[in-house]
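# Structure at a glance
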Amino acid sequence: MNLEKIKKNRQQIVRSLAELLVVSVIALVFIIVGNKLCDYTPGGVGEAGVESAKIVEMLDEKKEDIDGLETTVIVFKAELLSGEQKGQIVEMEQMITDVTIDKPNPVEKGDRILVSNTDLMGNGGTSSQWYYLQQNRIPGMLWLGGVFLVLVLIIGKLKGLTTIISLAFTGAAVFGVYIPAILSGKNVYLTTIIITVFIIFASLIILNGCNKKTWCAIVGNLGGILVTGALALVVNKALKITGMVDEDYVFLAALGDGASVDLRAIVWSSIIIGSLGAIMDVSMSIASAMRELALEMKDRSVKRMIASGMNIGRDAIGTMTTTLVLAYAGGSIASILLFTLNNRNLLVLMNFEMVVVEVIQAIVGSLGILLAVPITVFVAAGLFNPKKQ
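Residues numbered from 1 in each chain as written. Predicted model: local features only at pLDDT ≥ 70, side-chain atom pairs only at ≥ 80, totals over all residues. Heavy atoms only, no water.

## Observations concerning the overall build of the protein chain
Applicable threshold: Secondary structure elements are taken from DSSP: a helix is a run of H or I of four residues or more, a strand is a run of E of two residues or more, and numbering for both begins at the N terminus. For a compact globule the rule gives 2.2 Å times the number of residues to the power 0.38, and the radius of gyration it is set against comes from C-alpha atoms. Three exposure classes are used, based on accessible area relative to the maximum for each residue type with a 1.4 Å probe and protein chains only: buried under 20%, partly exposed in between, and exposed over 50%. Residues are treated as being in contact if the distance between any of their heavy atoms lies within 4.5 Å. When charges are tallied, Lys and Arg are placed among the positive residues and Asp and Glu among the negative ones, while His and the ends of the chain are skipped. To locate a charge, take NZ of a lysine, CZ of an arginine, CG of an aspartate or CD of a glutamate.
Check the secondary structure of the protein chain and you find eleven helices and five strands. Its C-alpha atoms give the protein chain a radius of gyration of 27 Å, clearly above 21 Å, the size a compact globule of 389 residues would have. Viewed in the frame of its principal axes, the protein chain has a C-alpha envelope of about 90 × 65 × 40 Å. Burial status across the protein chain gives 36% buried among its 389 residues. For the protein chain, restricting intrachain contacts to residue pairs at least 6 apart in sequence, the fraction spanning at least 24 positions comes to 64%. Averaged over its 32 positive side-chain charges, the protein chain has a centre that lies 23 Å from the centre of its 33 negative ones.

So this is what it looks like as structure tokens:
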């Protein structure tokens, strides 16, 4: 009996690994081909000659009058950590204008920073002058990300590994296909739909394998996203959204490299992408709960499972809707504080397009969650009761 169980477990592991490998290969091909088809090359001159460095010695700190403004000048030596002059120690300055609001933190010994150089012409020929740009926060973020990945692997084990793989493919799809496709002039609506469907299928199959539970979650997810997309289109048109939500959208409309971006479509896509994670979470949770019900109920029926699944779904709706609203509110907390501080008229405040879009995102996304629950429940009740439909 034990040998048969071990053999069955081994077969399940081999099947899971095979599914993971196949889906990973397909996802990788999709990302590579998608990136090639976009064929986007960023415009502008960019930022050349930026290198990383580490401060090894503090030399001086003084006050100077520069262009009529009192300025703190910090002189220090730093070791270059990248570039052709890697390993060299150069002297440079950090200038902090005391009257500005967005003053950077003064540098300290041991800080990792970003620096840039400018070639200066003099009597003795050409010389390089290095300038402080800003703190290099990438090492700290890498440490934080590393701790997260290690904890995911320790706590999640095999599921943690598939979580990391899924996250990697999702990030690659968004930044390697979705963003270049929009900037290269591809249709925003079609691109968003393709990327959304890819993320749903790839993530759920990688995380849970190809089984009834996964297909229930996929169908529920697709249903929720379909409702969200349709409602977002209707609401955007009804409320006459222009797409000029904030300064980022204004800058996007004034792209100088010949790209043309549909701002209304960008608002629509932000609603879809923003609600995708929450709808995916709810659909998978409901599908998993329905599977457990199917295993535990001795005298189960479609009707009983639907009733139990809806009870579970109602709890999920409450928490996930709150999560979605708080996520959007948290992203706009600075704007909310600023508006409140200026004591803006409530009627004016609630008609700012930025506020309207945030409200649309929260409500429409919540409606997607709301309708994903019954879709997942009904599909799962049917799939887990094939003889009692």
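Don't stop here, the text continues.
## Notes on the state of the cysteines
Cut-off, in case you're wondering: The disulfide criterion is simple: two cysteine sulfur atoms within 2.5 Å.
For the structure on display, the rule yields zero disulfides. As a non-bridged cysteine, cysteine 210 has cysteine 216 as the owner of its nearest cysteine sulfur, 12 Å distant. The class of cysteine 210 is partly exposed, set by a relative accessible area of 30%.

## Observations concerning the pairing of strand 3 (residues 89-97)
Each regular strand carries side chains that alternate between the two faces of the sheet. The cut-off we apply is this: For two strands to pair, DSSP has to find at least two bridges joining them.
Here strand 3 shows a clear split, with Val90, Met92, Gln94 and Ile96 buried on one side and none of Ile89, Glu91, Glu93, Met95 and Thr97 buried on the other. Both strand 2 (residues 69-80) and strand 3 contribute to a ladder of nine bridges, which runs antiparallel. Bridge pairing in strand 3 links glutamate 79 to isoleucine 89.

## Thoughts on helix 7 (residues 263-296)
Applicable threshold: What a helix should span is 1.5 Å times the count of its residues minus one. Bend at a given residue is defined as the angle between two axes, one fitted to the seven residues that end at that position and one fitted to the seven that begin there.
The end-to-end C-alpha distance of helix 7 is 50 Å, a good match for the 50 Å that 34 residues give at a rise of 1.5 Å each. At leucine 276, helix 7 shows its maximal bend, which comes to roughly 35°.

## Description of the pattern of salt bridges
For clarity, the threshold we go by: We define a salt bridge as a side-chain nitrogen of Lys or Arg found within 4 Å of a carboxyl oxygen belonging to Asp or Glu.
Tallying each qualifying case throughout the model produces three salt bridges. Linking lysine 62 and glutamate 64 is a salt bridge whose minimum nitrogen-to-oxygen distance equals 3.5 Å. By relative accessible area, which is 31% here, lysine 62 ends up partly exposed. Glutamate 64 gets classed as partly exposed once you look at its relative accessible area, which sits at 30%.

## Some words on the side chain of serine 24
The test is simple: Residues adjacent in sequence count toward polar contacts only when both atoms are side-chain atoms; beyond that, a polar contact is any pair of N or O atoms within 3.5 Å, and within protein one must be able to donate a hydrogen and the other to accept it.
Looking at where serine 24 falls in the secondary structure, it is placed in helix 1 (residues 2-38). A polar contact of 2.6 Å, which involves the side chain of serine 24, links it to the backbone oxygen of leucine 20. Leaving out residues up to four positions away in the same chain, serine 24 has contacts with Ile165 and Phe169.

## A word on the packing of helix 3 (residues 158-183) against helix 4 (residues 188-208)
The condition is simple: Convention adopted: a line fitted to C-alpha atoms gives each axis, helices being fitted over their contacting stretch, and angles between N-to-C directions are expressed from 0 to 180 degrees. Throughout, the term roughly parallel applies to angles under 35 degrees, roughly antiparallel to angles over 145, roughly perpendicular to angles from 65 to 115, and oblique to all others. Each residue is assigned to one class: nonpolar for Ala, Val, Leu, Ile, Met, Phe, Trp, Tyr, Cys and Pro, charged for Asp, Glu, Lys and Arg, and polar for all the others, Gly among them.
Viewed as axis vectors pointing N to C, helix 3 and helix 4 meet at an angle of 170°, and their least axial separation amounts to 9 Å. On the basis of their axis angle, the class for helix 3 and helix 4 is roughly antiparallel. Residue composition of the contact of helix 3 with helix 4, by class: 14 nonpolar, eight polar and one charged.

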